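# Structure at a glance
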Amino acid sequence: MQQRIINRVENDPHYQQYLQSFEPCHDKSAAAAIIIAARQIAWTVGAKAIVSFTVGGSTALRASKKRPDAPILAISPLVETCRQLSLSWGVYAELAQDDQFDTDNFRDMLRSACEISLKKGLVSDPNDLLVVTAGFPFGTPGAANIIRVIPAAGPSYWDTSL
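The structure reproduced in this document is the subject of the present report.

Criteria and cut-off values
Residues numbered from 1 in each chain as written. Predicted model: local features only at pLDDT ≥ 70, side-chain atom pairs only at ≥ 80, totals over all residues. Heavy atoms only, no water. Core = buried A, V, L, I, M, F, W, Y, C linked by side-chain atoms within 4.5 Å. Buried < 20%, exposed > 50% of the residue type's maximum accessible area, 1.4 Å probe, protein only. Helix = DSSP H or I, 4+ residues; strand = E, 2+ residues; numbered from the N terminus. Contact = heavy atoms within 4.5 Å. Axes fitted to C-alpha atoms, helices over the stretch in contact; angles between N-to-C directions. Parallel < 35°, antiparallel > 145°, perpendicular 65-115°, else oblique. Left-handed = near helix turned anticlockwise from the far one by under 90°. Nonpolar A, V, L, I, M, F, W, Y, C, P; charged D, E, K, R; others polar. Phe/Tyr/Trp six-rings, centres within 6.5 Å; stacked < 30°, edge-to-face > 60°. Pairing = 2+ DSSP bridges.

## Some remarks on the nonpolar core
Counting residues in each nonpolar core, the largest one holds 19 residues, and the members touching the most others are V51, F53, L73, I75, L130, V132 and I150. Mapped onto this core, the elements with two or more residues apiece are strand 1 (49–53), strand 2 (72–76), helix 6 (106–120) and strand 4 (129–134). Counting residues per element, this core draws most heavily on helix 6, which supplies six residues. Ignoring any residue separated from it by four or fewer positions in sequence, one finds L130 in contact with A49, V51, A113, C114, S117, V123, R148, V149 and I150.

## Quick word on the packing of helix 3 (residues 30–45) against helix 4 (residues 58–65)
At a closest axis distance of 9 Å, the pairing of helix 3 and helix 4 adopts a crossing angle of 50°. When the interaxial angle is binned, helix 3 and helix 4 end up oblique. The element helix 3 and its partner helix 4 pack so that their crossing is right-handed. Counting all contacts with helix 3, which are made through A31, A32 and I35, the residues of helix 4 involved are T59, R62 and A63. Of the residues in the contact of helix 3 with helix 4, the class split is four nonpolar, one polar and one charged.

## A closer look at the side chain of S117
Within the element layout of this structure, S117 appears in helix 6. What makes S117 buried here is its relative accessible area of 0%. Setting aside its immediate chain neighbours within four residues, S117 contacts V51, L73, L122, V123 and L130.

## Focus on the environment of W89
Assignment of secondary structure puts W89 in the loop between helix 5 (79–85) and strand 3 (91–95). Between the alpha carbons of W89 and S64 there is a distance of 5.7 Å; along the sequence they are 25 residues apart. Those residues in contact with W89 that lie beyond four places of it in its chain are E10, S64, R67, P68 and I72.

## Points about the packing of aromatic side chains
Under the definition given, this model contains one aromatic pair. Centroid distance F106 to F136: 5.3 Å. Interplanar angle 85°. Geometry classified as edge-to-face. Here the residue F106 occupies a position in helix 6, and F136 occupies one in the loop between strand 4 and strand 5 (146–151), the gap between them amounting to 30 residues. Assessed through its relative accessible area of 24%, F136 is described here as partly exposed.

## What about the pairing of strand 1?
Put simply, side chains in a regular strand alternate between the two faces of the sheet. For strand 1, the tally of buried residues reaches five of five residues, placing the bulk of the element in the interior. Residues A49, V51 and F53 point to one face of strand 1 and I50 and S52 to the other, with burial holding for every one of them. Bridge count between strand 1 and strand 4: four bridges; the pairing is parallel. Residue V51 lies in a different strand from strand 4, and its bridge partner there is V132. Across four bridges, the pairing between strand 1 and strand 2 is parallel. By the bridge assignment, F53 is partnered in strand 2 with I75.

Okay, here's the thing in structure tokens:
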């Protein structure tokens, strides 16, 4: 019953207009600006998902509050963070194993984001786009300072038609 109500409300055009007009107060941090930009970029390029590398979950929570059209894939090394984020609106949390990627190699992290997005069913075509946010140095809470658009095929693949 609740799911039916949610679906009707979220599919209502007035609800979409309301979300676009409502801008909740946000702090003036670089992380907040990155999340707002990620939402706009995802909408502009038609990205299938916003991927957020997060340790404490603050970046993914900020993205969830903005209610983007694209789902949010939150990748975290902490099981507690994944559990907490899975309760947030539009967030698909994924636990990153210690050996899954090297946090000092951003290209490796981007490759993992593509693999996880495919595994979760968020992308289906190699040309599907992902908007990736992360903070470096990795592990610093609330330090989102990188945004990147990549195809689902991986960070080293770019079709000129994209």
